[in-house]
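Given next are the chains, with one letter for each unit.
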Amino acid sequence: MKPALVTAIWWIRRDLRLTDNAALHAALTHAGPEGSVLPLFILDPALLNSAWVGEKRVAFLYEGLRALDDTLRACGSRLVVRSGAPADVLTQLVRDMGAHAICAERDHSPYARQRDAALLEVLPLELVDGVTLRPPGAICKSNGSPYTVFTPYSKAWKAAVRPLDSDILPPPAHLRTPTEPASEAIPDAPDKRAGTHFTASETEATRRLGAFVNGDAAPIYDYANTRNRPDVDGTAQLSPYLRFGMLSARTAVLAAYTAQARAPSADAAHSAESWLNELIWREFYVQILEAFPHVRSGAFRPVYNEIAWADDEKGFAAWCNGRTGYPIVDAAMRQLRATGWIHNRLRMIAASFLVKDLLIDWRQGERWFMQQLVDGDPAANNGGWQWTAGVGTDAAPYFRIFNPVSQGRKFDAQGDYVRRWLPELAHLPAASIHDPWTLGDDAQSRLGCRIGDNYPAPIVDHACARARVLDTFAAVRSAE
DNA sequence: TTTTGAGTTGTTCGA
DNA sequence: GTCGAACAACTCAAA
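Nothing here was measured: the structure is a model prediction, and the numbers come from that model.

Scoring rules and cut-offs
Residues numbered from 1 in each chain as written. Chains lettered and ligands numbered in written order. Predicted model: local features only at pLDDT ≥ 70, side-chain atom pairs only at ≥ 80, totals over all residues. Core = buried A, V, L, I, M, F, W, Y, C linked by C-beta atoms within 7 Å. Buried ≥ 20, exposed ≤ 12 C-beta atoms within 10 Å, placed from the backbone. Helix = DSSP H or I, 4+ residues; strand = E, 2+ residues; numbered from the N terminus. Contact = placed C-beta atoms within 7 Å. Near = placed C-beta within 6 Å. Nonpolar A, V, L, I, M, F, W, Y, C, P; charged D, E, K, R; others polar. Domains from an automatic or database assignment. Axes fitted to C-alpha atoms, helices over the stretch in contact; angles between N-to-C directions. Left-handed = near helix turned anticlockwise from the far one by under 90°.

With 130 residues, the main nonpolar core has Ile 9, Trp 10, Ala 27, Ile 102, Cys 103, Ala 252 and Ala 332 as its most contacted residues. Here the element with the most residues in this core is helix H11 (residues 266–291); it accounts for 11 residues. Apart from residues no more than four positions distant in its own chain, Ile 102 is found in contact with Ile 9, Trp 11, Leu 90, Leu 123, Pro 124, Leu 125 and Glu 126.

Here is the structure:
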């Protein structure tokens, strides 16, 4: 077989898309009009076997790889999957194919940075930005240092040059790919049921975005109101797609701006902007993790590493399994385990309960979320946990302790969400669904929910737990 | 260098 | 039932 003139490798990591893909375009540029591009995904055991990776996210990835392969075949190409350490796989492919360049989207997570830094020494690796619209370092204070408070960061972010529709890189109509080497088979999901709640493809990401932003009655125009309602599908549910780059950050940001410009009312425009703010939060935490890598293993403010966390295996297991006795927490944790996704409001309620009510180290919860979440991202997950725990950048004030009963009443007023995930509470009226232990014995029997029998009694008393965590944090601050 | 205003997402208590 | 204040003091960002 006659080798193509020039071959460039498009090393796909978390950019499973053809539209607006700068790494793919860089590879095409290297290959030139006569050359070929090899789309490559490496199944890295160091990542796939990590304690921070769970089967739902892996299932989503594998399904996404199959979809990407289908899309590539439709334009004359194919996906090549290889297992192994990236250094070994890439070295061998470069040698066998005579590849001149390896183009990849820069990944800011700690493992990826270390991996890529080593590869840059020995391989023709070219990294291009794309995980976020504004790469770390692009938005800085006037003295050049990174922002650590969200609001000024977001103002500077919005003041930067806005993206244009014409910035979106079109997908290639045709992609020439060599017939060698062969691909390994894309593995089956470790759990066949895992990942079934999100269809993993660029097509689905595009469809979801369109459904969220298009039209005068688009959900984005109610987002400010409905985003906190776990009983309403008011969010875009795009996080898994942004996580794996089935949708580019630029495409999402442009959609937010376009929706804002077309908003039918001031309220609607405000809602569109609050969705944009969520995209900016994502970029904020990416640049925090890049600039302050110590947050990966400990608190942004090291004094909070001194907190005397409770060693409470039973409490942690109850939390993981949705058996705390607080319905909104338990419903959230059961949905998380079943589907790999929950609303941000529920993430805050559940996280606050673990840290503030059970006084369990936020890093245990951070890891559990990473294992369960389809959209699990080191930067966003770490930032969210540190915020809730009150130990991070721009953290929640120490006295902001969520009351699981009032949060339930406020955001799931009818109890519809709780009933969906806790069948044992299916017959409880709204008035008592968030504190079922207040029902008398007769009512419990009549409604089929017997506290301590088929639904647990609260594992902590919230008022006591609140006082305990306030004391614990105060002790650390005064010892400083 | 100093000063000033501000800081995602809450709860509780008492008037 | 509603409403405003208190919950500490600190750090950040910018003038």
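This part is about the protein's contact with DNA strand B. As a structural note, the neighbourhood of DNA strand B is formed by 16 residues, with Thr 151, Trp 281, Asp 394, Arg 400 and Asn 403 the closest of them. Across the surface near DNA strand B, the residue classes tally to 8 nonpolar, 5 polar and 3 charged.

Below, the discussion takes up the domain arrangement of chain A. Parsing chain A into structural domains produces domain 1 (7–130), domain 2 (132–165 + 202–291) and domain 3 (302–475). Using C-alpha coordinates to define each centre, domain 1 is positioned 26 Å away from domain 2. In this assembly, 16 residues from domain 1 lie in contact with 15 residues from domain 2. When residues of the side of domain 1 that touches domain 2 are assigned to their parent elements, the largest contribution, 5 residues, is made by helix H3 (residues 55–74). Residue composition of the side of domain 1 that touches domain 2, grouped by class: 5 nonpolar, 5 polar and 6 charged.

It is worth spelling out the protein's contact with DNA strand C at this point. Close to DNA strand C lie Lys 141, Ser 142, Tyr 147, Thr 148, Val 149, Pro 152, Ala 156, Pro 397, Tyr 398 and Phe 399, which account for all nearby residues. Across the surface near DNA strand C, the residue classes tally to 7 nonpolar, 2 polar and 1 charged.

Now for the packing of helix H4 (residues 86–97) against helix H5 (residues 110–122). For the pair H4 and H5, interaxial distance at closest approach is 11 Å and the crossing angle is 35 degrees. Between H4 and H5 the crossing geometry is right-handed. Residues Pro 86, Ala 87 and Leu 90 of H4 lie in contact with H5, whose contacting residues are Arg 115, Ala 118 and Leu 119. The residue makeup of the contact of H4 with H5, split by class, is 5 nonpolar, no polar and 1 charged.

Mapped onto the elements of the fold, Thr 7 is located in strand E1 (residues 7–12). Put simply, Thr 7 and Phe 353 are 346 residues apart on the chain and 53 Å apart in space, counted from C-alpha to C-alpha. Those residues in contact with Thr 7 that lie beyond four places of it in its chain are Ala 31, Gly 35, Ser 36, Leu 38, Met 97, Gly 98, Ala 99, His 100 and Pro 178.

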